[in-house]
Amino acid sequence: MQAFSDLFSKLDGTTKTKAKIALLVEYFCSTPRADLAWALYFLTGESLGRAIPSNRIRGWLAENRGFPDWLVEECYHRVGDSSETIALLIPNRQAILPERALHRIVEDEIIPLKSKEPREQKAYLEQAWQRFDSTSVYLLSKMLSGGLRVGVAKKSVIVALHKAFNISKDTLAVRLSGSMEPSTAFIDQLLSPEEEGTSASTKKLPLLYPFYLAHPLQDPVETLGDISNWSLEWKLDGIRAQAVKRYDQTTLWSRGEEVINASFPEIIHKLETIEESCVLDGELVAYKEGNILDFARLQKRIGRKVVSAKVRQDFPVEFIVYDLLEYDQQDLREHPYSERRQKLKQLLTGGPLPISLPLTFSSWGEAHLMQKRARENMAEGFMLKPVQGTYGIGRKKGGWLKWKITPFTLDAVLIYATRGSGKRAGLYSDFTLAIWKGPDLVPIAKAYSGLTDSEIQEVSNFVSKNTQDRFGPVRSVLPKLVFELAFENIQISSRHKSGYAVRFPRILRWRRDLAPADADTVETLEELMNSTTSKES
């Protein structure tokens, strides 16, 4: 445990990717495989789930340390992170008991704690607060709350494993796809020598393949050369998913590598009617009578563990397929996109699932005209894919591109601010913005990104001096600051006072030149919405 705590502290103490990779390599090379399994489990973003609510732990800490509850809660709101608050309120001491291996602490102590009575959980924590140093207390609290996130990208973990064990990064990425089993058997399989000279059909197939991601289009699209070398398709506003059908099992994976079968049972049923073994890449969308509907309808299905017949009727969905990654247990990712598409047509034409249709243009000028009509087709723009391109891993230059439409924008007023977490703990970095509805300002969106660090500091100073009211961590402020808000789509919403909700809101810039009275109105938002043509019936 202490070695993992030391690794966490060192990773948290640097922002340089090369330094983090070097720390990981050193740890990987010196750690027993039983501990390495759990370390990789946490480093790649897996979670044990919540064993004890954070507010309950804070209450027990207040009682143990003799602090009033309000003081601990105020510290929590100031710090912005429950586990960090707990660690700060525990005396900074060295561990006083013999070191235990990470896997023993997780398997023998933390996991069983979930099923114990609250009094037993409290007794364990009180002992742990005496037993561990402050970093280990922090990690323990994160593990118990299911919120442990180590500040390192999965890509960096893969690079470090490559350097430590001389296994190709692509092979590691495939082997780490899907839900990870924190066991020595998994580590043995992960670090086993690559099967050179072995045909793809005889290799152990992964749970799913790493998703291939697109780069935003940066240069004029004409610089891409002859348009005939590219496949242009609508960039659908849905959920990226991968369907794996093999060994009489069908699994639908989200891009976050979570199994989402329960949320979309009708898609699973359609996939099960396909006789051949295959892996499909595509987009889950709200869909009715051949038309794609707005994303708000799809949200009604996300995360559901039980989907009733009424929900399926009211919020129908479809899985639109645009790539074939595996067929008859043969990995097709190195085959040209045009060839994969041809095999996909042979597999699904007349079948249960629709295929995304490439759009044909004789010039980039024609493509420009159609791209501007993306919203009419319930799309966010175009996906551009090289006709002869392979299916890569992650984002790779020269691969897929996304050519998105210009976002909607509004000038909105800051009315609420909330402290952030992590590196922004103690700063107000989460903002609620409002527009005018008659004489009143009504909330339209929450924005968490778009300002520089210095601007966030400046806004935080403003909030501290202009707070009107407090609601826990939230501060109501005098309506003086105006920001330009960008977003992708607009939906009617009965849950918002404005009557509308916007998608992917972010701050474009601080409009220091505008007064609150100059901010936009609900009528402006309605005009923006009416400027697009909905295909819903």
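Residues numbered from 1 in each chain as written. Predicted model: local features only at pLDDT ≥ 70, side-chain atom pairs only at ≥ 80, totals over all residues. Heavy atoms only, no water.

Moving on, we get to the overall build of the chain. When helices and strands are tallied, the chain shows 19 helices and 21 strands. Rg of the C-alpha trace for the chain: 26 Å, near the compact-globule value of 24 Å for 537 residues, within the 12% margin. With 537 residues in all, the chain has 49% of them scored as buried. The long-range fraction of contacts in the chain, counting pairs at least 24 apart against all pairs at least 6 apart in sequence, stands at 70%. As presented, the chain carries roughly 26200 Å² of accessible surface, and 49% of it is formed by carbon and sulfur atoms. Across the chain, the mean location of the 72 positive side-chain charges is 2 Å away from that of the 68 negative side-chain charges. (Helix = DSSP H or I, 4+ residues; strand = E, 2+ residues; numbered from the N terminus. Rg over C-alpha atoms; globule rule 2.2 N^0.38 Å. Buried < 20%, exposed > 50% of the residue type's maximum accessible area, 1.4 Å probe, protein only. Contact = heavy atoms within 4.5 Å. Areas by Shrake-Rupley, 256 points an atom, 1.4 Å probe, with all protein chains shown as cover. Lys, Arg positive; Asp, Glu negative; His and termini not counted. Charge placed at Lys NZ, Arg CZ, Asp CG, Glu CD.)

What follows concerns unusual backbone geometry. With a phi angle near 60°, Asp 248 is a residue other than glycine that sits in the positive phi range. Along the polypeptide, Asp 248 turns up in the loop between strand E4 (239-246) and strand E5 (249-254).

Per the counting criterion, the structure on display carries 18 aromatic pairs. Taking the centre distance of 6.3 Å and the plane angle of 65° together, the rings of Tyr 27 and Phe 28 count as edge-to-face. When the centroid spacing of 5.6 Å and the interplanar angle of 90° are considered together, the rings of Tyr 391 and Trp 400 count as edge-to-face. For Tyr 391, a relative accessible area of 2% puts it in the buried group. With a relative accessible area of 2%, Trp 400 lands in the buried category. The structure contains a cluster of three or more aromatic residues connected by ring pairs, namely Phe 4, Tyr 27, Phe 28, Trp 38, Tyr 41 and Phe 42. The ring centre of Trp 510 lies 3.7 Å from the NZ or CZ of Arg 512, which sits over that ring. (Phe/Tyr/Trp six-rings, centres within 6.5 Å; stacked < 30°, edge-to-face > 60°. Lys NZ or Arg CZ within 6 Å of the ring centre and 35° of its normal.)

Our focus in this paragraph is the packing of helix H4 (residues 54-65) against helix H8 (residues 118-131). Packing of H4 against H8 brings their axes to within 11 Å, and their N-to-C directions diverge by 60°. Taken together, the axis directions place H4 and H8 in an arrangement best described as oblique. Considering only the axes of H4 and H8, their crossing is right-handed. Judged by residue contacts, Arg 56, Ile 57, Trp 60, Leu 61, Glu 63 and Asn 64 of H4 engage Pro 118, Gln 121, Lys 122, Leu 125, Glu 126 and Trp 129 from H8. The class makeup of the residues in the contact of H4 with H8 is six nonpolar, two polar and four charged. (Axes fitted to C-alpha atoms, helices over the stretch in contact; angles between N-to-C directions. Parallel < 35°, antiparallel > 145°, perpendicular 65-115°, else oblique. Left-handed = near helix turned anticlockwise from the far one by under 90°. Nonpolar A, V, L, I, M, F, W, Y, C, P; charged D, E, K, R; others polar.)

Another aspect to go through is the packing of helix H1 (residues 2-12) against helix H9 (residues 134-145). Look at H1 against H9: their axes get within 9 Å of each other, and the N-to-C directions meet at 95°. With respect to each other, H1 and H9 are oriented roughly perpendicular. Counted together, Gln 2, Phe 4, Ser 5, Phe 8 and Ser 9 of H1 and Thr 135, Ser 136, Tyr 138, Leu 139 and Met 143 of H9 form the full contact between these two elements. Across the contact of H1 with H9, the residue classes break down as five nonpolar, five polar and no charged.

Right, let's talk about helix H16 (residues 337-348) for a bit. Because an α-helix completes one turn every 3.6 residues, residues spaced three or four positions apart along the sequence face the same direction. In this model H16 runs 16 Å from its N-terminal to its C-terminal C-alpha over 12 residues, within 8% of the 16 Å that 1.5 Å per residue would give. Those residues of H16 that fall on the buried side of the exposure criterion are Tyr 337, Arg 340, Arg 341, Leu 344, Leu 347 and Leu 348. One side of H16 holds all its buried residues, which, seen down the axis, span an arc of 120°. Where H16 terminates, the next one or two residues include Gly 350, which has phi positive at roughly 80°. (Expected span 1.5 Å × (residues − 1). Arc of directions from axis to C-beta.)

What the four strands build is an open sheet, ordered E2-E12-E10-E3; its pairing is mixed. The open sheet has two edge strands, strand E2 (215-216) and strand E3 (230-236), and neither has a second partner. Relative to strand E10 (residues 379-386), E3 runs antiparallel, the two being bridged by six bridges. Residue Trp 230 lies in a different strand from E10, and its bridge partner there is Pro 386. (Pairing = 2+ DSSP bridges.)

Its place among the elements puts Ser 277 in the loop between helix H13 (265-272) and strand E6 (278-288). Ser 277 gets classed as buried once you look at its relative accessible area, which sits at 15%. Here Lys 245 takes part through its backbone oxygen, which lies 3.3 Å from a polar atom of the side chain of Ser 277. In contact with Ser 277, not counting residues within four places along its chain, are Lys 245, Arg 246, Glu 326, Tyr 327, Asp 328 and Gln 329. (Polar contact = N/O pair within 3.5 Å; in protein donor to acceptor, adjacent residues only side chain to side chain.)

The subject of this paragraph is empty space enclosed by the protein. Evaluated as defined, the whole model comprises three cavities of 30 Å³ or more. Roughly 40 Å³ of volume is contained in the second largest cavity. Considering the residues around the second largest cavity, the lining is formed by 10 residues, among which Phe 431, Tyr 448, Ser 449, Leu 451 and Ile 456 are closest to the centre. Of the residues that constitute the lining of the second largest cavity, the class distribution is six nonpolar, three polar and one charged. (1 Å grid on protein atoms, 1.4 Å probe; cavity = no way out; pocket = protein on both sides within 12 Å on 5 of 7 lines; lining within 4 Å. Points joined across faces, edges and corners; volume = space filled by probe spheres on them.)

What follows is about the nonpolar core. Ranked by internal contacts, the top residues of the largest apolar core, which has 66 residues, are Phe 4, Phe 28 and Met 143. Take this core: its biggest share by element is eight residues, from helix H3 (residues 33-43). Residues in contact with Phe 4, not counting those within four places in the same chain, are Tyr 27, Ala 39, Phe 42, Leu 102, Leu 139, Met 143 and Val 150. Counting residues in hydrophobic clusters, the runner-up holds 31 residues, among them Ile 435, Ala 445, Val 463 and Ile 490. (Core = buried A, V, L, I, M, F, W, Y, C linked by side-chain atoms within 4.5 Å.)

Here the focus is the confidence of the model for the chain. When pLDDT is averaged across the chain, the result is 89; 95% of the residues are at 70 or more. Confidence scores differ between elements of the chain, with strand E19 (residues 489-492) showing the lowest mean pLDDT of 83 and strand E8 (residues 317-327) the highest of 97. Overall, residues 196-202 carries pLDDT values under 50, and its contacts beyond four positions in sequence, including any with other chains, amount to five contacts. The low-confidence segment residues 533-537, where pLDDT is below 50, has nine contacts with residues more than four positions distant or belonging to other chains. (pLDDT = per-residue confidence, 0-100.)

Of all eight residues making up E4, eight are buried, and the element is well covered by its neighbours. Across the two faces of E4 the burial is the same, with Ile 239, Ala 241, Ala 243 and Lys 245 and Arg 240, Gln 242, Val 244 and Arg 246 all buried. Examined bridge by bridge, E4 and E6 share seven bridges and lie antiparallel to one another. If you follow Val 244 over to E6, its bridge partner there is Val 279. With six bridges joining them, E4 and E5 adopt antiparallel strand pairing. Following the sheet pairing, Ala 243 is matched in E5 by Leu 252.

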